[in-house]
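Chains, contacts and geometry: an overview
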Amino acid sequence: MIIDLKQLFELDGKEIQFKHELDLSEVEMWGIRPFKSPVQIEGKVCNRTGMVSISYKVGYLLHTVCSRCLKDESKQCEQLFSHKLAGELNDSDNDDYILVENFKLDLDELATSDILLELPIKTLCKEDCKGLCPKCGTNLNERDCGCDTRQIDPRLEALRKLLDN
Ligand SMILES: [Zn+2]
Ligand SMILES: [Zn+2]
């Protein structure tokens, strides 16, 4: 969705409201596609005494997979984002502002980067997830499989074999 902000930049007090659905179903993260249904976006762009800003709320169902035990879950997420917008950037110290070229704001692009930047790099089903047994694959949160998963030093292993014989 492209929002034309030409009038808004010129008119103090003007406000544009928008409501939009964003399709992120192709996005891949954690080896899965976490956005199975469209992201709901609702917000507004305002010009207050020449200061143009956008604020919006996103809502979506996020599917995650635990990076230790591979359990998958889904949770409803809501986030608020806001940015100051500039029609042109005059100096270089303006990292705070988002430049809106030709007064056309690409809402899809902005919301996509806002949402993806907030996603965690790794997800855990719980802070102390015990993960899967590296030997038999049992989910160690559910039960203890009893495998010996101590790291075996190959030198000791060789020695043990000698002593066994
Ligand atoms: Zn887990
Ligand atoms: Zn095991």
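Residues numbered from 1 in each chain as written. Chains lettered and ligands numbered in written order. Predicted model: local features only at pLDDT ≥ 70, side-chain atom pairs only at ≥ 80, totals over all residues. Heavy atoms only, no water.

Enumeration according to the criterion identifies zero disulfides in this entry. Not engaged in a disulfide, the cysteine cysteine 77 finds its nearest cysteine sulfur in cysteine 66; these two sulfurs lie 16 Å apart. Looking at cysteine 77, the relative accessible area reads 12%, which means it is buried. (Disulfide = S-S within 2.5 Å. Buried < 20%, exposed > 50% of the residue type's maximum accessible area, 1.4 Å probe, protein only.)

As a further point, take the coordination of the zinc ion (ligand 1). Ligation of the zinc ion (ligand 1) by protein atoms is provided by Cys66 (SG), Cys69 (SG), Cys125 (SG) and Cys129 (SG), these donors lying 2.3 Å from the ion. Here the zinc ion (ligand 1) binds four donor atoms, and the angle range of 107 to 114 degrees at the metal identifies the geometry as tetrahedral. Of the residues examined, cysteine 66 reaches a relative accessible area of 2% and is grouped as buried. What makes cysteine 69 buried here is its relative accessible area of 7%. (Donors = N, O, S within 2.8 Å, 3.2 Å for Na, K, Ca; no water. Tetrahedral: all angles 85-135°; square planar, octahedral: opposite > 155°, others 65-115°.)

By the assigned domains, the protein splits into domain 1 (2-129) and domain 2 (130-165). Taken together, the seven residues of domain 1 in the interface contact five residues of domain 2. Counting across the domain 1 and domain 2 interface gives zero salt bridges. Taken together, domain 1 and domain 2 are joined by one residue pair in polar contact (both at pLDDT 80 or more). Per-class residue counts for the side of domain 1 that touches domain 2 are four nonpolar, no polar and three charged. (Domains from an automatic or database assignment. Contact = heavy atoms within 4.5 Å. Salt bridge = Lys/Arg side-chain N within 4 Å of Asp/Glu carboxyl O. Polar contact = N/O pair within 3.5 Å; in protein donor to acceptor, adjacent residues only side chain to side chain. Nonpolar A, V, L, I, M, F, W, Y, C, P; charged D, E, K, R; others polar.)

Moving on to the layout of surface pockets. Volume-wise, the largest pocket comes out at about 180 Å³. Forming the boundary of the largest pocket are 17 residues, of which Leu62, Thr64, Lys75, Pro120 and Thr123 lie nearest the centre. Listing elements by their share of the lining of the largest pocket, those giving two or more residues are strand E4 (51-65) and strand E5 (72-86). Looking at the lining of the largest pocket element by element, the count peaks at five residues for E5. (1 Å grid on protein atoms, 1.4 Å probe; cavity = no way out; pocket = protein on both sides within 12 Å on 5 of 7 lines; lining within 4 Å. Points joined across faces, edges and corners; volume = space filled by probe spheres on them. Helix = DSSP H or I, 4+ residues; strand = E, 2+ residues; numbered from the N terminus.)

Moving on: the coordination of the zinc ion (ligand 2). Protein coordination of the zinc ion (ligand 2) is provided by Cys133 (SG), Cys136 (SG), Cys145 (SG) and Cys147 (SG), with donor distances spanning 2.2 to 2.3 Å. Around the zinc ion (ligand 2) sit four donor atoms, and with donor-metal-donor angles ranging over 107 to 112 degrees the site reads as tetrahedral. By relative accessible area, cysteine 145 is classed as partly exposed at 24%. The exposure class assigned to cysteine 147 is partly exposed, which follows from its relative accessible area of 30%.

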